[in-house]
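Letter by letter, the chains look like this.
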Amino acid sequence: MSENEKMWQEEQRKLNETIQEIDAKADQYIQKVGGVKDEVIELRSTFFEDVTVNMDEPDDVMETYNSIRQQAELLGERERSHRQLYNQLNTLKRMRHSPYFGRIDFQEDGENSTDTIYIGITSLMDRSEEEFLVYDWRAPVSSLYYDYSPGPATYDTPEGTVDGEMKVKRQYIIRNGALRGMFDTGITIRDELLQEVLGSQASTVMKSIVSTIQKEQNQIIRFDEAPYLIVQGVAGSGKTSAALQRVAYLLYRYRGRIQANQIMLFSPNPMFNSYVANVLPELGEENMEQTTFQQYMEMRLQGRFEYEDAFSQLERLLSREDHEVEQAAIEYKSSKKFKDHLDQFIHTLESDGLVFRNIKFRGRLLIPKEQIEEHVYAQDSSVSIPNRLEQTRDWIDAQLDKYEEEEREKDWVKQEIELLSKEDYLKTFRKVSRGKRDQEDTFDDYVEEERLLSKAVVNKYFKSIRVKVEQLHFVHIKQLYRNAFSFEGADLKNHWSAIVEATMEDIQDNYLRFEDVTPFLYLEDQIKGVDAYRDIRYLFIDEAQDYSPFQFQYMKQLFPYARMTLLGDYNQAIYAHNVSAPTLLDERLYESMKYERLTLMRSYRSTKPIIDFTKHLIPGGEEVEPFNRDGAKPTLTQVNGAKQLYHALVKRIHAMQEQGHETIAIICKTAEEARHAYDMINGEYTVRLVTKNNYSFEKGIMVIPAYLAKGIEFDAVIMFDASEATYSLPIEQNLFYTACTRAMHELHLLCNGLRSPFLSQVPNNLYEELELH
Ligand SMILES: Nc1ncnc2c1ncn2[C@@H]1O[C@H](COP(=O)(O)OP(=O)(O)OP(=O)(O)O)[C@@H](O)[C@H]1O
């Protein structure tokens, strides 16, 4: 038997033993789960047998309440342990399929023996819970596997650094409990496994990468120093993947101290949310909180304003009209400079200038705005505006109590009572008299009945005023936002008056453009007080290049206790505010803060020929390092007119399907172009049109605007129209690059008319020009 065969046998034996151990543990768990389940069922069915229910006397009610609470707590605790055992059992099931993926043999300095350490998605102890059979990939010692090749190696533990020598580093492919492959690896994780992983079909859900994490990604995952981690990574370099494994790492590293709901991820679009939703559960962890800026905006503005979202703003700018003024407005309103300006404005409001609304009731002026103003500015100027407003709110409430009482005597109230239907009358009567009866023995006085009913009627009408007062609606934020523009925007020269005029009109129409949303909310928060997310400890911002400097400042305020991980790629900055301004990945924004900036240059998503092509679409692209995965060159099909475009498209889709590609994206520039492409082929193929209002990621053919394909990948990408008429302006360059870099295995460009000037930067030998036959 050769050395290799012996090694294989030895490893097979080890694998069998581990699986036996997993089975034995699973049996133990099944018994425990069964036992707890029976208890839960029993507790549920006998819930009320075991509680004493007696509502006769107040003391009895209290006793009943306590008894029910105790029983509910017991049930809750049993249900929790059932869930926990059930989750552990599921993890064991996953481990049985592939208990580990790597091994290192490590000899610590000063020790005689070498430890053999197997590494898997979670740790596994033997039945007696004494020895580790498998180490969690997030354990300190496991970082050796990602960071070193055999030779001297070091890892950090909470107790300090451990030095030693790595003797062996081995990788396994284990499927359904059987050893399929095994490699002793060198400096980086050997390419075989990565080749296998990357060569597979695109999936509609993102996969975990723990078995093939690369050294530079591991640095991101385990980073634990500065409060800001900025990651600039080229398209497909694993930023999102690293972010998700980092969440899993943090949950492991700070187990018991940080829960999944204290970690939040901001993602670029809702489709992305479902795309990444599987990674953490696959690793046996709960998902973090996920949201988009769009969702946050909706939560804040819905019902108050019509507002534009980021996608519509982009669509507006992508239309081929003159956007000079709009572009200037977006750049300015998204800048730190505008925020500083607003801060100055807000500062002046401390002594003068807040605008208020009258408080009226049925046409009667109850509290004039001047009185509110007087009340606010009568307070000590050292008190913050939000605190003064809170104080004023209490004062207004007290005034309203008085007015409410006055109103009860009015004729309209009597009429209202008369008009109450019998049901309403009884309902109101019961409601108001309920409290009364507890205090008095009899209740038969007509006057008292009238009094209570009028109180109820007036109360009902005052309710909406009370709610508005509670929300500090008496401050006229809309007017204040307008007033913020009553200065001379020196840098904007001849555009300023046009910008101000457009803003005034929009606000008058109760409409907020996307570029106004953040400044508006910021102003509102500074005046009314920030409703911050104080529980969030870690904030992840994916596609960070798409956020404006103003949004960043805003987020900092919204998440005051969060460490931030910002991941993105400046070459994929597609929004107007970043066309000529630095993105959030720019170090200059962090100069006064503690931060670390890491870069990822290696791209894993696409085949080498695709990366060789796409890297020429951006300045500095020559530094992008492709992962060496083979594939066909991208193609370019030149067509003239809609008819030829249709034929080229159909031909291409057909070829992609023949080759067995499961996710095929026809990527367009705008929603309008996507609708056009969709109409062209719908009926011929089963095809899905993805819009910002319809977002789920399924297998098949989809037509999608480029900005919605952000962060996502497909087996094959067909660029619907790579022509000059579609892609030639500066704002279109990154969009073009982003769209092309979504392809994993195949990239095909159709071009109706003159080709985009961005293509002239790509050497001819890097793509194939096709004729349409
Ligand atoms: N270490 C790795 N092992 C296996 N697959 C990897 C690894 N790193 C990245 N990938 C794969 O490469 C693809 C791109 O990764 P990901 O989406 O995380 O990149 P990204 O930098 O966020 O991309 P983009 O900015 O273009 O949206 C995914 O299919 C991911 O699974």
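Remember, it's a predicted structure, so these values are computed and weren't measured experimentally. Sequence order as written defines the numbering, with residues in each chain counted from 1. pLDDT decides what is reported in this predicted model: residues at 70 or higher carry local features, side-chain atom pairs at 80 or more are listed and counted, and totals for whole chains, interfaces and linings draw on all residues regardless.

Asker: Got a minute to help me understand the overall build of the protein chain in this structure?
Answerer: Along the protein chain, the regular secondary structure elements total 25 helices and 26 strands. A total of 773 residues make up the protein chain; the buried ones form 35% of that total. Two residues form a contact once the distance between their C-beta atoms, set from the backbone, is within 7 Å. In the protein chain, 73% of the contacts between residues at least 6 apart in sequence involve partners at least 24 apart. Helical segments are the DSSP runs of H or I of at least four residues, strand segments are the runs of E of at least two, and each set is numbered from the N terminus. Think of it as a crowd count around each C-beta: if 20 or more other C-beta atoms lie within 10 Å the residue is buried, if 12 or fewer it is exposed, and in between it is partly exposed, with C-beta placed from the backbone throughout.

Asker: Help me understand the site of the ligand, please; the structure alone is not making it clear to me.
Answerer: Taken together, 24 residues lie near the ligand, and Thr212, Gly238, Lys239, Thr240 and Ser241 sit nearest. For the shell around the ligand, the secondary structure elements donating two or more residues are α4 (191-199) and α6 (239-253). When grouped by side-chain class, the residues that make up the shell around the ligand number seven nonpolar, 12 polar and five charged. Placing a C-beta atom from the backbone of each residue, we mark the residue near a molecule or strand if the atom is within 6 Å of it. Residues are sorted three ways: Asp, Glu, Lys and Arg are charged, Ala, Val, Leu, Ile, Met, Phe, Trp, Tyr, Cys and Pro are nonpolar, and all the rest, Gly among them, are polar.

Asker: Would you explain the UniProt feature "binding site: ATP" (unreviewed entry) in the protein chain in this entry?
Answerer: The UniProt record marks Gly233, Val234, Ala235, Gly236, Ser237, Gly238, Lys239 and Thr240 with the feature "binding site: ATP" (unreviewed entry), using the residue numbering of this structure. Secondary-structure assignment places Gly236 in the loop between β8 (228-233) and α6. Every residue in contact with Gly236, bar those within four places of it in the chain, is listed here: Ser603, Tyr604, Arg605, Ser606 and Thr741. Here Gly238 lies in the loop between β8 and α6. UniProt positions are given in the numbering used here, feature names are shortened, and annotations may be inferred rather than shown by experiment.

Asker: Just checking my understanding: could you explain the domain arrangement of the protein chain for this structure?
Answerer: When the parts of a complex come together, some accessible area is lost, and that lost area is often used as the size of the interface. An automatic or database domain assignment supplies the start and end points of every domain. Each assigned domain of the protein chain is listed here: domain 1 (1-97), domain 2 (102-222), domain 3 (359-432 + 446-471) and domain 4 (627-770). On a C-alpha basis, the centroid separation for the pair domain 3 and domain 4 is 61 Å.

Asker: Can you walk me through the UniProt feature "coiled-coil region" (unreviewed entry) in the protein chain in this structure?
Answerer: The UniProt feature table records "coiled-coil region" (unreviewed entry) at residues 396-423. In the segment residues 396-423, helix accounts for 82% and strand for 0%; the C-alpha atoms at its two ends are 34 Å apart.

Asker: Explain the confidence of the model for the protein chain here, please?
Answerer: Detailed conclusions should not be drawn from predicted coordinates in areas where pLDDT is low. When pLDDT is averaged across the protein chain, the result is 89; 95% of the residues are at 70 or more. Scored as a whole, the predicted complex attains pTM 0.88, and scored at its interfaces, ipTM 0.99. Values of pLDDT, the confidence the predictor places in each residue, fall between 0 and 100.

Asker: Which parts of the structure should I look at to understand the sheet that holds strand β26 (residues 768-770)?
Answerer: Backbone-to-backbone hydrogen bonds pair the strands of a sheet. The strands run either parallel or antiparallel. Two strands are counted as paired when DSSP detects at least two bridges linking them. Ordered in space as β22-β23-β21-β24-β25-β20-β26, the seven strands form an open sheet in which the pairing is parallel. Edge positions in the open sheet fall to β22 (687-689) and β26, since each of these has one partner strand only. Looking at each pair of strands side by side, their axes are set apart by 20° on average, direction ignored. All axes here are fitted lines through C-alpha atoms, helices being fitted over the stretch that makes contact, and every angle between N-to-C directions spans 0 to 180 degrees. Together, β20 (635-639), β21 (663-668), β23 (700-705), β24 (714-719) and β25 (743-752) form the strand contacts of helix α23 (residues 642-658), whose direction differs from that of β25 by roughly 165°. Sheet contacts for helix α25 (residues 730-740): β21, β24 and β25; angle to β24, the most-contacted strand, approximately 140°.

Asker: Which parts of the structure should I look at to understand the sheet that holds β8?
Answerer: The six strands lie next to each other as β10-β9-β15-β16-β8-β17, forming an open sheet whose pairing is parallel. In this open sheet, the two edge strands, each paired with only one partner strand, are β10 (289-291) and β17 (595-600). On average, each strand axis in the sheet is tilted by 15° relative to the strand beside it, whichever way the strands run. Where strand β15 (residues 538-541) and strand β16 (residues 563-568) come together, four bridges link them in parallel fashion. For Phe540, the partnering residue across the bridge sits in β16 and is Thr565.

Asker: Looking at this structure, I do not really get the packing of helix α13 (residues 369-378) against helix α14 (residues 385-407). What am I missing?
Answerer: Between two packed helices, both the angle of their axes relative to each other and the distance between the axes serve to describe the pair. Taken N-terminus to C-terminus, the directions of α13 and α14 make an angle of 130°; their axes are 9 Å apart at the nearest point. On the basis of the axis angle, α13 is oblique to α14. For the crossing formed where α13 meets α14, the hand is right-handed. Contact residues: α13 offers Ile372, His375 and Val376, while α14 offers Arg388, Leu389, Thr392 and Trp395. Tallied by class, residues from the contact of α13 with α14 come to four nonpolar, two polar and one charged. For classification purposes, angles smaller than 35 degrees are called roughly parallel, those larger than 145 roughly antiparallel, those between 65 and 115 roughly perpendicular, and all remaining angles oblique. For any pair of crossing helices, the crossing counts as left-handed if the nearer helix is rotated counterclockwise from the farther one by less than a right angle, and right-handed if it is rotated clockwise.

Asker: Would you mind showing me how to read α25 here?
Answerer: Because each turn of an α-helix spans 3.6 residues, side chains separated by three or four positions in sequence point in the same direction. Burial analysis of α25 places eight of its 11 residues in the buried class, which makes it a mostly covered element. Of all the positions in α25, only Gln733, Asn734, Leu735, Phe736, Tyr737, Thr738, Ala739 and Cys740 are classed as buried. Those residues of α25 that are buried lie in contact with α22 (608-614), β21, β24 and β25.

Asker: I'm lost on the pairing of β23 in this one. Help?
Answerer: Taken residue by residue, a regular strand's side chains alternate between the two faces of the sheet. For β23, the buried fraction is high: five of the six residues fall into the buried class. Here β21 pairs with β23 via six bridges, running parallel. Note that in β23 the partner of Ile667 across the bridge is Ile704. Pairing between β22 and β23: three bridges, direction parallel. Within β23, the position partnered with Val687 by the bridge is Ile701.

Asker: Would you mind going over the environment of Glu501 with me for this structure?
Answerer: Note that Glu501 resides in helix α19 (residues 496-508). Taking the C-alpha atoms as reference points, Glu501 and Leu400, separated by 101 residues in sequence, lie 38 Å from one another.

Asker: In this structure, what is going on with unusual backbone geometry? I would like to understand it.
Answerer: When glycine is set aside, most residues are seen to have a negative phi, and most peptide bonds are trans. Phi angles above zero are rare outside glycine, and Arg362 is one such case at about 45°. Looking at the secondary structure, you find Arg362 in the loop between β12 (359-361) and β13 (364-367). Classification of Arg362 as exposed rests on a count of 9 C-beta atoms within 10 Å. Backbone geometry at Asn510 places phi at a positive 60°, although glycine is not the residue there. By the element assignment, Asn510 lies in the loop between α19 and β14 (511-512). Residue class for Asn510 comes out exposed when judged on the 11 C-beta atoms lying within 10 Å of it.

Asker: Explain the nonpolar core here, please?
Answerer: Taken as a class, soluble globular proteins show a tendency for nonpolar side chains to be buried jointly. As used here, a nonpolar core is made of buried Ala, Val, Leu, Ile, Met, Phe, Trp, Tyr and Cys residues. They are joined through C-beta atoms within 7 Å. Of all hydrophobic cores here, the largest spans 151 residues; its most connected members are Ile667, Val717, Met719 and Leu750. Take this core: its biggest share by element is eight residues, from α6. In this structure, Ile359, Ile372, Ile465 and Val469 belong to the second largest nonpolar core, which totals 13 residues.

Asker: Hey, could you run me through the environment of Leu389 in this one?
Answerer: Looking at where Leu389 falls in the secondary structure, it is placed in helix α14. A sequence separation of 165 residues divides Leu389 from Asp224, and the C-alpha atoms of the two residues are 40 Å apart. Discounting chain neighbours no more than four positions away, the residues touching Leu389 are Val376, Leu472, Val475 and Lys528.

Asker: Would you take a moment to explain the packing of helix α11 (residues 324-333) against helix α20 (residues 514-528) for this structure?
Answerer: Where α11 meets α20, the closest approach of the two axes is 9 Å, and the angle between their N-to-C directions is 25°. Of the possible angle classes, the one that applies to α11 and α20 is roughly parallel. Where α11 crosses over α20, the handedness of that crossing is left-handed. Facing α11, whose interface residues are Ala329, Ile330 and Lys333, α20 presents Glu515, Asp516 and Pro519. Here the residues of the contact of α11 with α20 are counted per class, giving three nonpolar, no polar and three charged.

Asker: In this structure, what is going on with the environment of Asn273? I would like to understand it.
Answerer: Tracing the sequence through the fold places Asn273 in helix α7 (residues 270-276). Take Asn273: there are 18 C-beta atoms within 10 Å of it, and that puts it in the partly exposed class. As for Asn273 and Tyr695, which are separated by 422 residues in sequence, their C-alpha atoms are 9.7 Å apart. In contact with Asn273, other than residues within four places in its own chain, are Ser267 and Gln290.

Asker: What is the right way to read α6 from this model?
Answerer: In this model, α6 (15 residues) spans 20 Å end to end at C-alpha, consistent with the 21 Å of a helix rising 1.5 Å per residue. Counting buried positions along α6 gives 13 out of 15 residues, so the element sits mostly inside the fold. The length a helix should cover is 1.5 Å for every residue beyond the first.

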